[in-house]
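# Secondary and tertiary structure notes
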Amino acid sequence: MKPILLAGSALTLITACASAPDPAPTPEPQFFEAALVEETPEPVIEIVETVTPLPLPGQMKPISATAPPRTMPPGETIQRGREAARIEPSVDGFVNAIQVYPYTEGALYRVYASPGQVSDIALQPGETLVSVSAGDTARWVVGDTQSGSGPTLRSHVLVKPVMHGIKTNLMIATDRRTYYLELDSVYDGYMAALSWRYPQDELARSNIRASQQKSEAAASISRSLNVADLNFEYRIEGDRPKWTPLRAFDDGRQVFIQMPPAMQTSDAPPLFILGETGDAELVNYRVRGGYYIVDRLFETAELRLGEKNQTVVRIHRGQKRSGIAAFFGAGR
């Protein structure tokens, strides 16, 4: 009887196994598409308009559409043009004893001098003096000198009349520009020094600073990152398209996904995040300087491109390691 009982037990066991239901399939993880938000860059210098030379005061005259232009003798035309181009010293233009003129090409700058006194005409630092020409070299003493050294080297033109009540003109040529001056010897008062400010140069420097700020903003992902706080323990798996991330890391608050330069010539894949609770969660990310910056931590994310037969690259977050080993765990 024992063999029969053993056979019956085995048959019952086989029947029970055959009738057991199949295990339920594991549900696919619920990934939610992250929202790409516009980056708000730091304000940079923006040039909205370039400097356009305008007529000097006195040259701006109303034009009549009906009256024919009045013909003037050449002498009067020249006199009026010179008077319109002349720029006189102003109280607001003085910085201590130096009259600072705004440089305008073609302007005629007035210099008041006195016998026994030297008037200093200071050029822009770094500007090289080429030539100095004066109309009256018999009654005006004209010389030049330099101050400073290296990038602060500055050329000076010195003028001094030998008597009162005389006038002449002066032309200074440099490697950057040309200056036209009228020298007037007076009895009371003289200009100890004059120089210029250069709006075009200031505009050029502003353009350079703006370009540098934009380049720094494009290359920088965050100014507050501390290398000691970074976690590089991320695994990159799945397909290997040309836009496969180079590495991923986080600073405890945000995740930074470094994309390769090849992504600039291809479509940018959207980012999908696996919710920790399985519920839909709003996640924002931005693109800055070749990085995807996700505004929260995640355990798993996917970059997907295409509708059918999608290209998928998956990013897994691991535990941060300490020491030098933390710098060799990225992009595996």
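Above this text is the structure in question.
The following refers to the structure shown. None of the values given here were measured: they were computed from a predicted structure.

A count of helical and extended segments in the protein chain gives three helices and 21 strands. Scored against the burial criterion, the 332 residues of the protein chain give a buried share of 31%. Contacts spanning at least 24 positions in sequence make up 67% of the contacts within the protein chain whose residues lie at least 6 apart. Accessible area for the protein chain stands at about 21000 Å²; split by element, carbon and sulfur atoms hold 56% of it.

Our next topic: the sheet that holds strand S15 (residues 247-250). The mixed open sheet is built from five strands, whose spatial order is S2-S18-S19-S16-S15. A single partner strand is all that each edge strand has here, and the edge strands are strand S2 (35-36) and S15.

Quick look at the pattern of salt bridges now. In total, this model carries 16 salt bridges according to the counting rule given. We note a salt bridge from Asp136 to Arg139, for which the minimum N-O separation is 2.8 Å. Taking the relative accessible area as the measure of exposure, Asp136 reaches 14% and is therefore buried. Classification of Arg139 as partly exposed rests on a relative accessible area of 35%. Here Glu237 ties to Arg235 by a salt bridge, and the two come within 3.2 Å at their closest N and O atoms.

This paragraph deals with the nonpolar core. Membership of the largest hydrophobic core comes to 22 residues, with the highest contact counts inside it found for Ile121, Leu181 and Trp196. When residues of this core are traced back to their parent elements, those giving at least two are strand S6 (108-113), strand S10 (154-161), strand S11 (167-174), strand S12 (178-185) and strand S13 (193-197). Apart from the residues within four sequence positions on either side, Trp196 is in contact with Val100, Tyr101, Pro102, Tyr103, Tyr109, Ile121, Ala122, Leu123, Tyr179 and Leu181. Of all hydrophobic cores here, the second largest spans 20 residues; its members include Tyr234, Trp243, Met259 and Leu303.

Buried residues dominate S13, accounting for four of its five residues. As defined by bridge partners, strand S5 (residues 98-102) adjoins S13 across five bridges and the pair is classed as parallel. Bridge pairing links Ile98 to Ala193 in S13. Relative to S13, strand S7 (residues 119-122) is paired through two bridges, and the arrangement is parallel. Opposite Ile121, over in S13, you have Leu194 as the bridge partner.

A few words now on the packing of aromatic side chains. Inspection of every chain in the model, using the stated rule, returns ten aromatic pairs. On the numbers, 5.1 Å between centres and 35° between planes, the contact of Phe232 with Phe249 is tilted. Note that Phe232 is positioned in the loop between helix H3 (199-219) and strand S14 (234-238) and Phe249 in strand S15, a separation of 17 residues in sequence. A single burial state applies to Phe232 and to Phe249, both of which are buried. A cation over an aromatic ring shows up here: Arg177 above the ring of Tyr103, its NZ or CZ 5.4 Å from the ring centre. Here the guanidinium or amino end of Arg304 rests over the ring plane of Phe272, the centre of that ring lying 4.3 Å away.

Here the focus is the sheet that holds S14. Taken in spatial order, the five strands of this open sheet run S1-S17-S20-S21-S14, and their pairing is antiparallel. Lying at the two open borders of the sheet, with one neighbouring strand each, are strand S1 (31-33) and S14. Between one strand and the next, the sheet's axes are offset by a mean angle of 25°, whatever the strand orientation.

Rules used throughout
Residues numbered from 1 in each chain as written. Predicted model: local features only at pLDDT ≥ 70, side-chain atom pairs only at ≥ 80, totals over all residues. Heavy atoms only, no water. Helix = DSSP H or I, 4+ residues; strand = E, 2+ residues; numbered from the N terminus. Buried < 20%, exposed > 50% of the residue type's maximum accessible area, 1.4 Å probe, protein only. Contact = heavy atoms within 4.5 Å. Areas by Shrake-Rupley, 256 points an atom, 1.4 Å probe, with all protein chains shown as cover. Pairing = 2+ DSSP bridges. Salt bridge = Lys/Arg side-chain N within 4 Å of Asp/Glu carboxyl O. Core = buried A, V, L, I, M, F, W, Y, C linked by side-chain atoms within 4.5 Å. Phe/Tyr/Trp six-rings, centres within 6.5 Å; stacked < 30°, edge-to-face > 60°. Lys NZ or Arg CZ within 6 Å of the ring centre and 35° of its normal. Axes fitted to C-alpha atoms, helices over the stretch in contact; angles between N-to-C directions.

Geometric descriptors of this kind do not, in isolation, establish any biological role.
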